[in-house]
Amino acid sequence: MAKIKHNNFLDTVDGVFTDATKAGVLHLYAEGDSFGGRKIRIDGKDLLHFGTTGYLGLEQDSRLKHAAACAIFNFGTQFPLSRTYISHPLYRELEEKIRRMYGYPVVITKNSTLGHIGVIPTAVRDEDGVILDHQVHWSVQNATQLLKVRGVPVEMIRHNNLDMLEKKIRDLSSKCRRIWFMADGVYSMYGDCSPIAGLRELCNKYPQLHLYFDDVHGMSWIGKNGTGYVLHMLKELPENTLLFGTLSKTFGASGAVLVCPDVKMYRKIRNFGGPLTFSAQLEPASVAAAVASADIHLSPEIYSLQAELLHKISYFNGLLEKTELPLVERNDCPVFYIGTGMPVTGYKLVRRLMREGLFVNLGIYPGAPVKNTGIRITISRHNEEEDMKHLADALIYHYPKALEETHTSLNRVRRAFRMPLNEAGENPDGTGRGVALDMQMETTVAGVNKKEWNALFAGKGVYDWDGLMFLEKAFCGNMKPEHNWSFYYFMIRDKNGKPVLATFFTLALWKEDMLAPTSVSVKLEEKRKQEPYHLTSRVLSMGSLFTEGQHCYLDTTHPQWREAVRQLLEKLETVDQKKDTSMLVLRDFVDGEQLNRVFHNLGFIKMAMPDSCVVEDLSWKGTEAYVASLSSRSRKHFRKEVAPYEKFFEVDFRKTATTNEIAVYMRLFENVRNNNYGLNMFSFPEKLFKTMSGHPSWEFMVLSLKKKYNKQKDGVPLGVMFCYRNGRHTYVPAFIGMNYKYAREYQLYRQMLYQTVKRAGNLGFQRIDFGLTAAFEKRKIGAKVIPKVAYIQAKDNFSMELMGAMREK
């Protein structure tokens, strides 16, 4: 599988956002000459606004507006100087009032993102360690990347998992002077909160533990002087806690505020905090508006504003309680998240609500796992009860319509969010369809018609009918869990019995860093020396870890091909529910916009795989004809790096192998596997290699040095290629083993590639499937490189974000 590089992530997010933009739910523009807060104009229509983060509506307060306007006329549009030299006149007043609000020293920052970049590298010292909640805001996670070049360990826990946090604290306690746990006070997507009481207990238990909170979504609408959720729960801010609030969002102005009760640390952050030193300061209008808002926060008025908002939140909660809508988190926060599951359902629901005169936000990847898409509703003081009633009524009517329109169901959504199921007798497979397709599912290829299967897959990798029977035999009854796979075969036919879709899946234990950079795999393999199954999980994957190629036959000319895909994924969901897998992988597809949109809409994200390599021209006769078929550059490579080394080797093709020979071949294979973290997998069972021996479709290509060149290594295998014959059409060098000690001196790898091509040509095969990785080398011997993609659906984003946190800067 693919290694997630930064570009892969950017490409994935670009694809997701592009689809959402085309659906008309993202990258919209507000219109009009003025804005009052209650409504927002989009595409010429006034919509009731349920997407703001200005929960108290202070951004429309006349006092803030007047203060901002006066500041522009008095001081200009900006004050273009670094604050290290001089702050403009309003800054001192703002700092004094914000400090009065909190009762602790404060630092005003341009925004929270720059604030985190400035504060975290200053507060966290080289001898410290960091643990992140995996849902902490991106701005915090991004700032911790700066720590890695200094060797500061950055770990991650599952969201709000205090048991996992305590284990991480114990692991770091002997290595780190201080351990910083970083989290949000109120999380921006689902509206759930940090377990403040539990964190304080851990601080009492482990004095090394320090807390770092981003509470920008808990600001103003709760707490003494509107200082936010975290301080509301803590009552007092201990010296081991840093707190970020905001002067934007609910505060109504711009900027952010760091609250730092440790006076010594406060001085260091203020004196040198990266962007705090070198970035431009807040504009006079923003500072003046913040001063006006601070006056409100320091007055009794803030409590009446909070009470008014809380009444509206309670009212909307009461409306939702009377529905079956899947509200992910119920509390007294102004953020409500109603799951839709698949992105396409979210698109449809948002557009339906817009036609009803309602604007809500869409929660989408990477803010939420792709199959945990939902609508994010925020309640503010601008919203009237009649507005909220209209929204609730519209949801009651349009939510099931959106489910029906996208062929899903309420229980499928609830399963995606691990919520209790509705027992009202709903169709478990979704809602109504058109003309039904016939699906056959088998757990052994023996139940599949051999002639029909081979008509679709003969000549493709190691997954013709006989190849799959071989794999079933090899990957069962083994001692280790990673060596036992379950197989699932699917044939979907139309009413005339014509195949529309055919594929197979395996359920197997994977190393989750198969989807991570090599540097991450190296770190995890060190961990696995003590914990062999650290960060591993059961994955339901198209194809298998042994095979590569076009594992799915899909007739996209058939009018029901999309219905076939949907029915396949619904059936896979039932397998997933029974087997409790962590990820569903559809792999080895050629990239294409049509499939991209279909799979994304159904809850998958696209990721790049290592390139696939095939040789399609084996019509030459003899070495000279083969060399002539290569490009001019490849011919030079062959004459310099391949041909001169052929004389050193004995090349032997064996149908059988002794027990001792198999042991040697396995050691050579393990050499390659242990040196190839670009595709980090478990070992294969000994039974696999024993089953190859004597199998009519397998042979071992063995390279050893001739005696006259190395008497010590005479007859000792230095390289082995495990080769499968798919009928008379395709030759498949499935895996390779090598002795690296001799690899460079004798150009062993290149020689093995060439001997594979030579063997396939001499046997009269039409094609070689050279598999994944090492595309640069395989291209030199005549292989065609084919970019491939996979479509991934994970239960949550934790593993990906964890390995992102482990990635070297």
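Basis of the calculations
Residues numbered from 1 in each chain as written. Predicted model: local features only at pLDDT ≥ 70, side-chain atom pairs only at ≥ 80, totals over all residues. Heavy atoms only, no water. Pairing = 2+ DSSP bridges. Helix = DSSP H or I, 4+ residues; strand = E, 2+ residues; numbered from the N terminus. Axes fitted to C-alpha atoms, helices over the stretch in contact; angles between N-to-C directions. Contact = heavy atoms within 4.5 Å. Salt bridge = Lys/Arg side-chain N within 4 Å of Asp/Glu carboxyl O. Buried < 20%, exposed > 50% of the residue type's maximum accessible area, 1.4 Å probe, protein only. Core = buried A, V, L, I, M, F, W, Y, C linked by side-chain atoms within 4.5 Å. 1 Å grid on protein atoms, 1.4 Å probe; cavity = no way out; pocket = protein on both sides within 12 Å on 5 of 7 lines; lining within 4 Å. Points joined across faces, edges and corners; volume = space filled by probe spheres on them. Expected span 1.5 Å × (residues − 1). Arc of directions from axis to C-beta. Phe/Tyr/Trp six-rings, centres within 6.5 Å; stacked < 30°, edge-to-face > 60°.

### Observations concerning the sheet that holds strand β1 (residues 39-42)
Then comes step 1: The sheet built from five strands is open, its strands ordered β1-β2-β11-β12-β10 with mixed pairing. The open sheet has two edge strands with one neighbour each: β1 and β10 (335-341). If you compare each strand with its neighbour and ignore which way they point, the axes differ by 40° on average.
Then comes step 2: Pairing of β10 with strand β12 (residues 373-378), which is carried by six bridges, proceeds in the antiparallel orientation. By the bridge assignment for β12, I338 is matched with I375.
Then comes step 3: Where helix α14 (residues 385-405) meets the sheet, it contacts β2 (45-50), β10, β11 (358-363) and β12, and its direction lies at approximately 95° from that of β2.

### Remarks on the sheet that holds strand β8 (residues 241-246)
Pairing between the strands of a sheet comes from backbone hydrogen bonds, and it takes one of two forms, parallel or antiparallel.
Then comes step 1: An order of β3-β9-β8-β7-β6-β4-β5 is seen for the seven strands of this open sheet, with the pairing classed as mixed. Looking at the sheet topology across the chains shown, the edges are occupied by β3 (106-109) and β5 (154-157). Neighbouring strand axes in the sheet, compared pairwise and without regard to direction, differ in orientation by 20° on average.
Then comes step 2: In terms of strand pairing, β3 meets strand β9 (residues 256-259) through four bridges, oriented antiparallel.

### Here we look at the pattern of salt bridges
Then comes step 1: One pass over the structure, following the stated rule, counts 56 salt bridges.
Then comes step 2: Its salt-bridge partner being E641, residue R750 comes within 3.3 Å of it at the nearest N-O pair. A residue pair is termed long-range when its members are at least 10 positions apart, and R750 in helix α25 (residues 748-763) and E641 in helix α22 (residues 632-642) qualify at 109 residues.
Then comes step 3: With relative accessibility at 17%, the residue R750 sits in the buried group.
Then comes step 4: Residue R750 is joined to E777 by a salt bridge in which the shortest nitrogen-to-oxygen separation is 2.9 Å. Remark: E777 occurs in helix α26 (residues 775-780) and R750 occurs in helix α25; sequence separation between them is 27 residues.
Then comes step 5: Judged by its relative accessible area of 16%, E777 falls in the buried class.

### As for the nonpolar core
Then comes step 1: Core analysis: the biggest nonpolar cluster contains 169 residues, and I98, Y102, I375, I377, F546, F684 and F722 have the highest contact counts within it.
Then comes step 2: For this core, the leading source of residues is helix α11 (residues 284-297), giving nine residues.
Then comes step 3: Discounting residues that sit within four places of it in the chain, I377 has contacts with F50, F316, P334, V335, F336, I338, V360, L391 and L395.
Then comes step 4: Counting 38 residues, the second-largest nonpolar core is a separate cluster that includes L705, L718, A743 and A783.

### Regarding the layout of surface pockets
A probe as big as a water molecule, rolled over the atoms, marks out the empty space that is left.
Then comes step 1: In this structure, the second largest pocket occupies an estimated 990 Å³ of space.
Then comes step 2: In this structure, the second largest pocket is lined by 41 residues; those nearest its centre are N676, I736, Y749, L772 and T773.
Then comes step 3: Of all the secondary structure elements, the ones that give two or more residues to the lining of the second largest pocket are α23 (659-674), β24 (730-738), α25, β25 (767-772) and α26.
Then comes step 4: Sort the elements by how many residues they give to the lining of the second largest pocket and β24 lands first, with six residues.

### Re α23
Then comes step 1: Compared with an ideal rise of 1.5 Å per residue, which puts 16 residues at 22 Å, α23 spans 22 Å between its outermost C-alpha atoms and is within 8% of the ideal.
Then comes step 2: When we look at burial in α23, the residues that qualify are I662, Y665, M666, L668, F669, V672 and R673. Axial view of α23: buried residues confined to an arc of 165°, hence all on one face. Those residues of α23 that are exposed and angled more than 90 degrees off the buried face are N660 and R667.
Then comes step 3: Check the buried side of α23 and you find it contacts β15 (499-511), β21 (649-654), α24 (686-692), β22 (698-705), β23 (717-726) and β24.

### Quick word on the packing of aromatic side chains
Aromatic ring pairs are described here by two measures, namely the spacing of the ring centres and the angle between the planes.
Then comes step 1: The tally for this structure, following the rule as stated, stands at 44 aromatic pairs.
Then comes step 2: Look at F457 and Y463: their rings are 5.9 Å apart centre to centre, the planes differ by 65°, and that puts the pair in the edge-to-face class.
Then comes step 3: Given the relative accessible area of 0%, F457 is considered buried.
Then comes step 4: Given the relative accessible area of 1%, Y463 is considered buried.

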